[in-house]
Amino acid sequence: MATSMRGLTQFIADIRGARVRELEEKRINKEMANIRKKFKDGNLDGYQKKKYVAKIIFTYILGYKVDVGHMEAVNLISSSKYSEKQIGYLAVTLLMHENSDFLRLVVNSIRKDLDSNSEIDNCLALHAIANVGGSEMAEALVEDVHRLLISPTSQSFVKKKSALTLLRLYRKHPEVIPAAEWALRIISIMDDQDLGVVVCVTSLVMALAQDHLDAYAVCYTKAVDRLHRLVIEHEYAATYAYYKVPSPWLQVKLLRLLQYYPPSEDPTLRSVLHQVLQTIMNNCAEPTRNVQHNNAQHAILFEAIGLAIHLDTNSPLVGTAAVLLARFISSKETNVRYLGLDTMAHLAARTDSLEPIKRHQHTIILSLRDKDISVRRRALDLLYSMCDVDNSELIVGELLRYLRVADYALREEMVLKIAILTEKYANSYKWYVDTILQLISAAGDHVGDEVWYRVVQIVINTEDLQEYAAKVVFEHLKAPSTHESLVKVGGYILGEYGHLIANESGYSPMEQFHLLHSKSQFCVASTRSLLLSTYIKWVNVFPEIKPQLLNIFERYRHVLDAELQQRACEFYALASRPDDDEMLQNVCEEMPPFPPRVSALLGRLNRKHGDTEDKRTWVHGGKEANLDREAVKRKTLAVDTDNNGFAEGQDSSEILGSLAGLEISSSPSQYSGIPILDSIGAPLVDKAPRPVMGPNIDRWFDKLTYSAEGVLYEDVQIQVGVKSRYQGHIGQLAIYLGNKVSAPLTSFTTTIHVSDPEALSVTFAKIPPSTIAPRTQTQQLLHIECKKLFTTTPILTISFLAGAHQTVSIRLPIVITKFFEHVKLGATDFFERWKLIGGPPREAQNVFPIDLTSTSQLDLTKHRQVVSGHRFNVLDDIDPNPNNLVAAGVLHTSVEGKVGCLLRLEPNREAKLCRLTLRSTSEDVASEVLKLLQKLLIATPT
Amino acid sequence: MISAFFIFNQKGEVLISRLYRTDFKRSIADVFRIQVVSNSDVRSPIITLGSTSFFHVRINNLYVVAVTKTNANAALVFEFCYRFIIICKSYFGKIDEESIKNNFVLIYELIDEINDFGYPQNSEIDTLKSYITTESVVSTVNAAEESSKITSQATGATSWRRGDVKYKKNEAFVDVIEVVNLSMSAKGNVLRADVDGHIQMRAYLSGTPECKFGLNDKLVIDNNEKGTTDAVELDDCRFHQCVRLNDFDATRTISFIPPDGEFELMRYRSTSNVKLPLKIMPTVTEIGTTQVQYVITAKTNFNNKLSATNVVLRIPTPLNTTTVDCKVANGKAKYVPGENVVVWKIPRIQGGQEVTLTATASLTSMTHRQVWARPPIDVDFQVLMFTASGLIVRFLKVFEKGNYQSVKWVRYLTKANGTYQIRF
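- As named in an unreviewed UniProt entry, chain B is Mu homology domain-containing protein, taken from Crucibulum laeve.
- Regarding chain B, the relevant UniProt record gives this comment under Sequence similarities (unreviewed entry): "Belongs to the adaptor complexes medium subunit family."

- As named in an unreviewed UniProt entry, chain A is AP-2 complex subunit alpha, taken from Crucibulum laeve.
- Under the UniProt heading Sequence similarities (unreviewed entry), the note attached to chain A is "Belongs to the adaptor complexes large subunit family."
- The record held by UniProt for chain A lists under Function (unreviewed entry) the comment "Adaptins are components of the adaptor complexes which link clathrin to receptors in coated vesicles. Clathrin-associated protein complexes are believed to interact with the cytoplasmic tails of membrane proteins, leading to their selection and concentration."

So, in structure tokens, the structure goes:
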């Protein structure tokens, strides 16, 4: 198409050929005048419009201002020819600013193209949306893009592009995408046949899942399954192998995605994942062929190590990883060293034992002097993370030595880290004071105010330290050039504790005064005012130098700075009061200890970063730092999910965050205990999926509560059957999923929601297959373990693609009575125990109406069936009335042990009533079983 | 002093490179290329990077660059650069990339001659031409004699003139050429008006003539003859090296021994009482957003016997002009879209005459409505035998031992090119 536009080619050739800028400008002016004329005259056909708009675009790309042609570009978009449409879109994306008014005119054309059957049009429109990405456009079109992504008729490259377009829109305007609402639908595409689509969708899911962990939880299984298929079963198209590594980009994304989630409890998933990680690590042991292959493998390996660390720091995998990492940090390649150090920092940030890392301490310290600054940074991070009480002196010493030669860009961070480490791992206060003062005198300008505030706080709060600190500060101040921060520390500490050392030779009040005052002329006003405060404290404790101090106040009374002047005047007045006045002593009493505070330094270090990019899943620092962070994160997540309190909660934490910087920081426990946060956290609803309801479904469910197998759910597409077996507190449940239609059900996902995982655990025996062939049935086995008494039934959620995306949630017939075992009791035994348990509260009793059979007889068989179906042993010959039922059973739980339960059912034909009594050693069990049985026996309302 | 001398082309490629001193390597040229040539923001002709200063002059898409590490006299360095340009022009007509490439041997010879170890040397064109020639030199017997003559001239008291010049007819031509600059506000106030003039002389005089030159310089006239009013105030004057400056300083007489042939005797500037030869009265009205109407009248402001020739008015149009419909009685007017102007060319306007243009420009709609900046109208013209400053050559006297009769011609020309601007 471009070749046929001779005018354009000529124009470009002319401009290329222009020897000087002036000629080029001339040519462009001429062309633009021509175009203006043509546009003004109107009556252009599509070809001409296309040609002129193309010329305008070229001119614009060259950097000239373009003021015409926007309308023509908009018109071109609605053209039916591809080449015209393409130029139109190009013009729109290039010429128009994202808030341009013209874009409103384009939205409808774009929507039309999104709806079009031609995938080329779809792609052009998607490109335009992603490139422009204005908020108005996003709001108007996000639904259409999403529809294109999920539509089963979309080509795979349309899917790819729409996934990436959504990602782009999400990053720019996260609020326009109902992420949680679309979660299942988007995740289901992770099962697409085309790996390219999967890569794109995974990128999207990664971005969305970061902010909506719970809504996207299903992707965990999908990711594990996909990894398993890629790495272990080698199930991928040949085109997706990059130097024989199966789609490394996808692998890396999946591994990263898994790190956003807490480690799964499901043993099946865990073992699969373990297998995958093991394989990845083994693959890397193979000798590598070339650089690209190497790069691809390393990319996956580092991500896999990251995941392994995330999952469990004590697993043997991490041991292997540590060995590998040790090899990497002394690698010849800068990139590998960088990644090695970074991942090792991750390990150090998570692991319980730093031993394997400490072995390489020497190498790491050497890395501080690497020729590449980014490697040096990572080495610093790692040293910071791996520091503990044992090696703190060595590491801090090394960092201090390096600080003098470090890059300026790195110094501030280094200072903060040294200060934090020194405080955290100080063995003795002396060492702490020495180190920090060394730090202040060495780093000077790079020391933030927080550092010296902290020293002062600690010295004041630690009585044994005060004399020593005063001496050391004095010695440091003797250096010919001292940094202002040091003068501040000196001023404060000598003012408070100068009298403690005043009697020793060399530290006399006069000497202290001269030393400090000699520094004051080089300081800014705020430091000088601090020094004035020091002097007034000295007036109190050192009467011998009072004349000199008064002299200084006198002089400062005339300075221009208001703050200094005010202080000087007030202090002068205070100091000039008669000697017997107690005012001065009262004012200058020793500072009371500060209330314990968390260091403001950490807050400074962990400044917030951007919003929707792929975040790190850990922070630098020791294990506790990461644990803290996770706790806070969970808290904020809880806030996030509750939409009402969203803004408010965010604000309050924001404010607190800024306070932390202002040294009025609060401890983490206070932080999380803010009433606002709690009140928002409390109404957090149980996010169990809502099961489908219907008379049939209830009937099927009720039936299954007292029988071992049967149909659980059925509609036009699927049938769900259940078969179960229980033994003590352990059970197995087989779910039969039948596809009733003649097309395969794809992206088949089954998840179990257990409201109280402490009491009941339900896990899949293996990862369920993602496709069910037409008119076939698959079986999925569930392992069930009852740990404690539970009252709510687990919910099975099935979602699949059959044309559209469908989701069905069904209650699983797992109730407490399934874990009952028979007991054989004689009549005497029974009554003895019955009496032993006694009446309420351990008895639960209810009287309720019952149905009679068609012959108006008691439905005794049903009663018997229900009671024994609930795994009670029906004891005959105990009650003389044959209509009455007496039964006993024992509940087996793995945590709470066994609970006995006795039952009496006394129906009355005349009254159509029935009395059900349960006695159990646990009152909860009794009432729960009563509820279950009554529900089955009670008369159906007419 | 000048440590290195370069010529770059538009793209920053080095055409000529001469290092006079050892304190630079040739790679310093790259610094200039990166910092100046490829950096479009640089406007200043002097760039100092560290202790290195680059002085550059742009001419015809060439950069003539002098580099120094010392605190050199900037005026001197620029004079050297401009001098070089003049020399080149006189040697091969024009200076551009093509001519530099064609004559690079000659140029190296020249820049070695006019500069020694960074110190500028004799740059008198006539002198240079006597020993740096473009023709092949036939080695003859009198070569030695010739070279000794050159030596004696170059080291003598009048290095710019040989002693043995002989003409049958002794003639001297004086051209007074003035360039008038004007910038006039939309209300018709003169914001700036001044004249850059130079006096070009061609002397074909035998022997070693002593010349005296008289102008209607106000200072001279006020001192000597009272009553005359048409004196001119010259703001600053610059003379050829042959003029005796101490005489000028003492009595403001211009006396000199001219070099043989053509040279620029003096340059001057005048800012007071500038007579504007052409008066322009523009009326430009914007009608709505789609039309602009022009009525431009030009009136000559000098004697009827004289005439302005080659008058060109460049009348700017808005940037979104599509077509311009022009009506003129004199000359031709045409819309030039490449420069966004209407060009109105009038070959000749007699003194006292008045010419008018009426035009309508139609505009197209724009995406972002911007107010039109209304750049000024630009006028080019030439008027012979007229000086805008009012300067007149009162006398030129030639004294020579031979006491021959000499013929003197004086010609005046006032012109404007590119800096005669009227806002509207």
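Here's the deal with a nonpolar patch on the surface
All names here are of chain A.
Thinking step 1. On the surface, Tyr60, Ile61, Leu90 and Leu94 cluster together into a nonpolar patch covering about 340 Å² of accessible area.
Thinking step 2. At the level of secondary structure, the elements contributing two or more residues to the nonpolar patch comprise α3 (46–61) and α5 (82–95).
Thinking step 3. Its location among the elements puts Ile61 in helix α3.

Looking at the packing of helix α11 (residues 195–211) of chain A against helix α13 (residues 248–259) of chain A
Residues and elements named next belong to chain A.
Thinking step 1. In the contact formed by α11 and α13, the axes pass within 10 Å of each other and the chain directions differ by 25°. One finds that α11 runs roughly parallel with respect to α13. Our pair here, α11 against α13, has a crossing hand that is left-handed. In contact with Leu195, Val198, Val199, Thr202, Ser203, Val205, Met206 and Ala209 of α11, α13 contributes Leu250, Lys253, Leu254, Arg256 and Leu257.
Thinking step 2. Taken together, the residues of the contact of α11 with α13 sort by class into nine nonpolar, two polar and two charged.

A short note on unusual backbone geometry
Residues and elements named next belong to chain B.
Thinking step 1. The backbone phi angle of Asn60 is positive, close to 45°, even though this residue is not glycine.
Thinking step 2. By the element assignment, Asn60 lies in the loop between β4 (52–59) and β5 (62–68).
Thinking step 3. Take Asn60: its relative accessible area is 47%, and that puts it in the partly exposed class.
Thinking step 4. Positive phi outside glycine occurs at Asn61, with the angle close to 65°.

As for a negative patch on the surface
Thinking step 1. Together, Glu463(A), Asp464(A), Glu589(A) and Glu590(A) make up a negatively charged patch on the protein surface.
Thinking step 2. Tracing the backbone shows Glu463(A) in the loop between α24 (449–461) and α25 (465–477).

Let's talk about the pattern of salt bridges
Thinking step 1. For the structure on display, the rule yields 50 salt bridges over all chains.
Thinking step 2. Here Glu821(A) ties to Arg871(A) by a salt bridge, and the two come within 3.7 Å at their closest N and O atoms. Residue Glu821(A) is found in strand β11 (residues 820–822), and its partner Arg871(A) is found in the loop between α39 (860–869) and β13 (873–874); the two are separated by 50 residues along the sequence.
Thinking step 3. Between Arg267(B) and Glu264(B) there is a salt bridge, with the nearest N and O atoms lying 3.0 Å from each other.
Thinking step 4. Residue Glu264(B) is classed as partly exposed on the basis of its relative accessible area, which comes to 27%.
Thinking step 5. Look at the salt bridges and you will find they share partners, linking Asp14(A), Arg27(A), Glu31(A) and Lys55(A) into a network.

Points about the nonpolar core
Residues and elements named next belong to chain A.
Thinking step 1. In this structure, Ile110 and Tyr216 are the most contacted members of the largest nonpolar core, which totals 191 residues.
Thinking step 2. Here this core takes 12 residues from α11, the largest share from any one element.
Thinking step 3. Excluding residues that lie within four positions of it along the chain, Tyr216 makes contacts with Ala179, Trp182, Ala183, Ile186, Ile187, Val205, Leu208, Ala209 and Tyr261.
Thinking step 4. In this structure, Phe748, Leu760, Leu932 and Leu933 belong to the second largest nonpolar core, which totals 63 residues.

Here we look at the packing of aromatic side chains
Residues and elements named next belong to chain A.
Thinking step 1. Per the stated rule, a full pass over the model turns up 34 aromatic pairs over all chains.
Thinking step 2. Here Tyr726 and Phe819 contribute two aromatic rings whose centre-to-centre distance is 5.3 Å and whose plane-to-plane angle is 80°, an arrangement assigned as edge-to-face. Taken as a pair, Tyr726 in strand β4 (residues 718–727) and Phe819 in the loop between β10 (804–811) and β11 lie far apart in primary sequence, 93 residues in all. The burial state of Tyr726 is the same as that of Phe819; both residues are buried.
Thinking step 3. For the pair Phe748 and Phe800, a centre-to-centre distance of 5.6 Å together with 15° between the ring planes defines the contact as stacked. With Phe748 in strand β6 (residues 746–753) and Phe800 in strand β9 (residues 795–802), this pair connects stretches of sequence that are 52 residues apart.

Some points on the interface of chain A and chain B
Thinking step 1. The interface is formed by 16 residues belonging to chain A together with 19 residues belonging to chain B.
Thinking step 2. Roughly 1,400 Å² of surface becomes buried between chain A and chain B when both sides are summed, with 51% attributable to carbon and sulfur atoms.
Thinking step 3. Together, Arg36(A), Lys40(A) and Asp67(A) form the three largest contributors to the area buried by chain A at its contact with chain B, with a combined 41%.
Thinking step 4. Taken together, the connections running from chain A to chain B amount to one salt bridge.
Thinking step 5. For the pair chain A and chain B, the number of links is five residue pairs in polar contact (both at pLDDT 80 or more).
Thinking step 6. No other element matches helix α2 (residues 21–41) of chain A, which puts nine residues into the side of chain A that touches chain B.
Thinking step 7. Split by residue class, the side of chain A that touches chain B holds four nonpolar, two polar and 10 charged.

Here is what the cut-offs are and how they apply
- Residues numbered from 1 in each chain as written.
- Chains lettered and ligands numbered in written order.
- Predicted model: local features only at pLDDT ≥ 70, side-chain atom pairs only at ≥ 80, totals over all residues.
- Heavy atoms only, no water.
- UniProt positions renumbered as here; feature names shortened; annotations may be inferred.
- Patch = residues over 30% accessible without salt bridge, like charges linked within 9 Å, V, L, I, M, F, W, Y side chains within 5 Å.
- Areas by Shrake-Rupley, 256 points an atom, 1.4 Å probe, with all protein chains shown as cover.
- Salt bridge = Lys/Arg side-chain N within 4 Å of Asp/Glu carboxyl O.
- Helix = DSSP H or I, 4+ residues; strand = E, 2+ residues; numbered from the N terminus.
- Axes fitted to C-alpha atoms, helices over the stretch in contact; angles between N-to-C directions.
- Parallel < 35°, antiparallel > 145°, perpendicular 65-115°, else oblique.
- Left-handed = near helix turned anticlockwise from the far one by under 90°.
- Contact = heavy atoms within 4.5 Å.
- Nonpolar A, V, L, I, M, F, W, Y, C, P; charged D, E, K, R; others polar.
- Buried < 20%, exposed > 50% of the residue type's maximum accessible area, 1.4 Å probe, protein only.
- Lys, Arg positive; Asp, Glu negative; His and termini not counted.
- Charge placed at Lys NZ, Arg CZ, Asp CG, Glu CD.
- Core = buried A, V, L, I, M, F, W, Y, C linked by side-chain atoms within 4.5 Å.
- Phe/Tyr/Trp six-rings, centres within 6.5 Å; stacked < 30°, edge-to-face > 60°.
- Buried area = accessible area lost by both parts, 1.4 Å probe.
- Polar contact = N/O pair within 3.5 Å; in protein donor to acceptor, adjacent residues only side chain to side chain.

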